[in-house]
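So you can see what is in the structure, the chains are spelled out below.
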Amino acid sequence: MHDNGERMLGALIAAHHLATIEELPGLVAEQARPLGFTDPVLYVADLQETFLMPLPGQLQPDGRPPERLRIDGTVAGRAFRTLDLVQTRHPDDTLGDDSGQPPTAREPRRVYLPLLDGTERIGVLALTVPRDDEGVRWDAAQLAALVALILANKRTTSDTYARLVRARPMQLSAEVLWTLLPIRTFATERVVVSAALEPAYLVGGDAFDYAKTGGTLHLSIFDAMGHDTAAGLTATIAMGACRNSRRENLGLLETGEAIDAAIVELFGGTQFATGVLAELDVATGRLNWVNRGHPPPLVLRHGRLVAVLETEPDPPMGFGMAAYHPPAHYQLEPGDRLLFYTDGVTEARSPTGEEFGLDRFADFVIRREADNVPPPETLRRLVQTLLEHQQDRLQDDATVLLVEWKTQRQHQLIL
């Protein structure tokens, strides 16, 4: 990075501490100008990852306020989907489609860069740059990385951000759950976790959770009875009791019992949740899990469904009934993909009554892996396919937690 690039990043870091999200586009424009970067526009992905939404108060190179862009079929969307810099021939080409020809190296161009917080896709940064060379690309990429970190830091305290990523009003139970859920993508050199939950604005009792402690990846998925606020509260209690037990270093059986007791205490046996609680040894690939009345996880390997992790399930949590079976075990192989899911995925029905089904679900993920589609993009496309299957009207919450255990894979596949 040349000196101007270093000064740009340093100045932006110094200026952002007391800035709001609404002020961030102006700061980016001011600090990027000395490098010849002009007309920046910051986009964030909506909750369903269908649109890129521009932050308020911005202008395109043609002087007009930017419009939201579809993630599928636009240049900006391609940067989001592929996690790579994309450019167009003309600096004022703000919409474009995916088929534009790149400009020559010495011409100004409009570039689009993904905004990543770690491995979580936040949105896209659009910039007009004076030319195409290694130094310009490096400076632009570093600017996008810093902007993503700033956005991630400030979004939790900004209702502007929360409103921006919503395409419709949100039900109370969904409001509560989205506040508590972890980010939908997490990765290290050895493991990738990606999640999807739909319907985003009306979700009732589905929830997922994960956390890494030392060499152990903790995983859980829940499906609470019903689709109302009580279901959302049940799922919330299940997540909270799970985290509390996990942080007290309790085992899987004890954690399931604690969740059961918490739901019983609040609802007196009138609400329950199914779930799978699991631990993955990231160094060895050994998976331990307990099943509390939930659909069994799947294992995908080398383009095939190789295992359905069926066990004798214990009772759902919330009835005050003890678990009887010790944790089950399975040895993963490098590159295996684990799928945890709720029955809203496999039992999704078309208007003619056709179920989406387990085979179609597994085949969809397998085909995307064969196409080198990364896990977050695989689940984004899966949600779209489920919605199309039911003509945009899900009868039940549908949640997927995809975990890939790896040894040595290319960096782009981690993302």
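The structure displayed is predicted, hence computed values, not measured ones.

### Side note on the overall build of the protein
Logical step 1: From N to C terminus, the protein includes twelve helices and 17 strands.
Logical step 2: Overall, the C-alpha framework of the protein stretches about 70 × 50 × 40 Å when taken along its three principal axes.
Logical step 3: Burial status across the protein gives 54% buried among its 415 residues.
Logical step 4: The long-range fraction of contacts in the protein, counting pairs at least 24 apart against all pairs at least 6 apart in sequence, stands at 67%.
Logical step 5: With an accessible surface of roughly 17900 Å², the protein has 51% of that area assigned to carbon and sulfur atoms.

### Section: the sheet that holds strand β9 (residues 206–213)
Logical step 1: Strand order in the open sheet formed by five strands is β9-β10-β11-β12-β15, and the pairing between neighbours is antiparallel. Looking at strand neighbours, the two that pair on one side only are β9 and β15 (328–331), the edges of this open sheet. The sheet shows a mean angle of 15° between the axes of neighbouring strands, direction not considered.
Logical step 2: Direction of pairing for strand β12 (residues 286–292) relative to β15: antiparallel, over a ladder of four bridges. From the neighbouring strand, Leu287 faces β15, where its bridge partner is Tyr330.
Logical step 3: Where helix α7 (residues 229–247) meets the sheet, its contacts fall on β9, β10 (216–224) and β11 (273–281), and the angle it forms with β10 comes to roughly 160°.

### Considerations on the sheet that holds strand β13 (residues 298–301)
Logical step 1: What the six strands build is an open sheet, ordered β7-β8-β17-β16-β13-β14; its pairing is antiparallel. Each edge of the open sheet carries a strand with a single partner, namely β7 (185–187) and β14 (304–308). On average, each strand axis in the sheet is tilted by 20° relative to the strand beside it, whichever way the strands run.
Logical step 2: Bridging between β13 and β14 involves four bridges; their strand directions are antiparallel. Following the sheet pairing, Leu300 is matched in β14 by Leu305.

### Quick notes on the pairing of strand β1 (residues 38–45)
Logical step 1: Among the eight residues in β1, six count as buried, and that is most of the element.
Logical step 2: Direction of pairing for β1 relative to strand β6 (residues 120–129): antiparallel, over a ladder of five bridges. Each bridged residue has a counterpart across the sheet, and for Leu42 the counterpart in β6 is Leu125.
Logical step 3: Counting the residues that bridge the hairpin from β1 to strand β2 (residues 51–54) gives five residues, and of these Glu49 lies at a positive phi of roughly 55°.

### Description of the packing of aromatic side chains
Logical step 1: One pass over the full model with this rule turns up three aromatic pairs.
Logical step 2: Taking 5.0 Å as the distance between ring centres and 35° as the angle between the ring planes, the aromatic pair formed by Phe272 and Phe319 counts as tilted. Of this pair, Phe272 sits in the loop between α8 (252–267) and β11 while Phe319 sits in the loop between β14 and β15, and the two are 47 residues apart along the sequence.
Logical step 3: Owing to a relative accessible area of 39%, Phe319 belongs among the partly exposed residues under this scheme.

### Here's the deal with the layout of surface pockets
Logical step 1: Taken as a whole, the largest pocket holds about 880 Å³ of empty space.
Logical step 2: Leu47, Arg155, Tyr161, Trp178 and Arg184 are the residues nearest the centre of the largest pocket, which is lined by 34 residues in total.
Logical step 3: Here the lining of the largest pocket is built from residues that sort into 17 nonpolar, six polar and eleven charged.

### Some points on empty space enclosed by the protein
Summary: where empty space remains is shown by rolling a probe the size of a single water molecule over the atoms.
Logical step 1: With the rule as written, the count across this model stands at four cavities of 30 Å³ or more.
Logical step 2: If you add up the space inside the largest cavity, you get close to 110 Å³.
Logical step 3: Around the largest cavity, the lining residues are His218, Leu219, Ser220, Cys242, Arg246, Leu250, Gly251, Leu252, Thr255, Leu277, Ala278 and Glu279.
Logical step 4: Those elements that place two or more of their residues in the lining of the largest cavity are β10, α7, α8 and β11.
Logical step 5: Residues of the lining of the largest cavity, tallied by class, amount to six nonpolar, four polar and two charged.
Logical step 6: Here the second largest cavity is characterised by a volume of approximately 40 Å³.
Logical step 7: In this structure, the second largest cavity is lined by Leu85, Gln87, Arg109, Val111, Val129, Arg131, Asp132, Val136, Arg137 and Ala140.
Logical step 8: Counting residues per element, the ones that place at least two in the lining of the second largest cavity are β5 (109–117) and α4 (134–154).
Logical step 9: Considering each element in turn, the lining of the second largest cavity owes the most residues, three residues, to α4.
Logical step 10: When the residues that make up the lining of the second largest cavity are grouped by side-chain class, the tally is five nonpolar, one polar and four charged.

### A word on the nonpolar core
Logical step 1: In terms of nonpolar packing, the biggest core is built from 51 residues, with Trp178, Phe222, Ile259, Phe340 and Val403 touching the most fellow members.
Logical step 2: Tallying contributions element by element places α7 first for this core, with six residues.

### Some words on the pairing of β9
Logical step 1: Here β9 lies mainly inside the structure; six of its eight residues are buried.
Logical step 2: Where β9 meets β10, eight bridges bridge the pair, whose relative direction is antiparallel. In the strand pairing of β10, Tyr210 is matched with Leu219.
Logical step 3: Joining the antiparallel neighbours β9 and β10 is a turn of two residues, in which Gly214 adopts a positive phi near 60°.

How each quantity is defined
Residues numbered from 1 in each chain as written. Predicted model: local features only at pLDDT ≥ 70, side-chain atom pairs only at ≥ 80, totals over all residues. Heavy atoms only, no water. Helix = DSSP H or I, 4+ residues; strand = E, 2+ residues; numbered from the N terminus. Buried < 20%, exposed > 50% of the residue type's maximum accessible area, 1.4 Å probe, protein only. Contact = heavy atoms within 4.5 Å. Areas by Shrake-Rupley, 256 points an atom, 1.4 Å probe, with all protein chains shown as cover. Pairing = 2+ DSSP bridges. Axes fitted to C-alpha atoms, helices over the stretch in contact; angles between N-to-C directions. Phe/Tyr/Trp six-rings, centres within 6.5 Å; stacked < 30°, edge-to-face > 60°. 1 Å grid on protein atoms, 1.4 Å probe; cavity = no way out; pocket = protein on both sides within 12 Å on 5 of 7 lines; lining within 4 Å. Points joined across faces, edges and corners; volume = space filled by probe spheres on them. Nonpolar A, V, L, I, M, F, W, Y, C, P; charged D, E, K, R; others polar. Core = buried A, V, L, I, M, F, W, Y, C linked by side-chain atoms within 4.5 Å.

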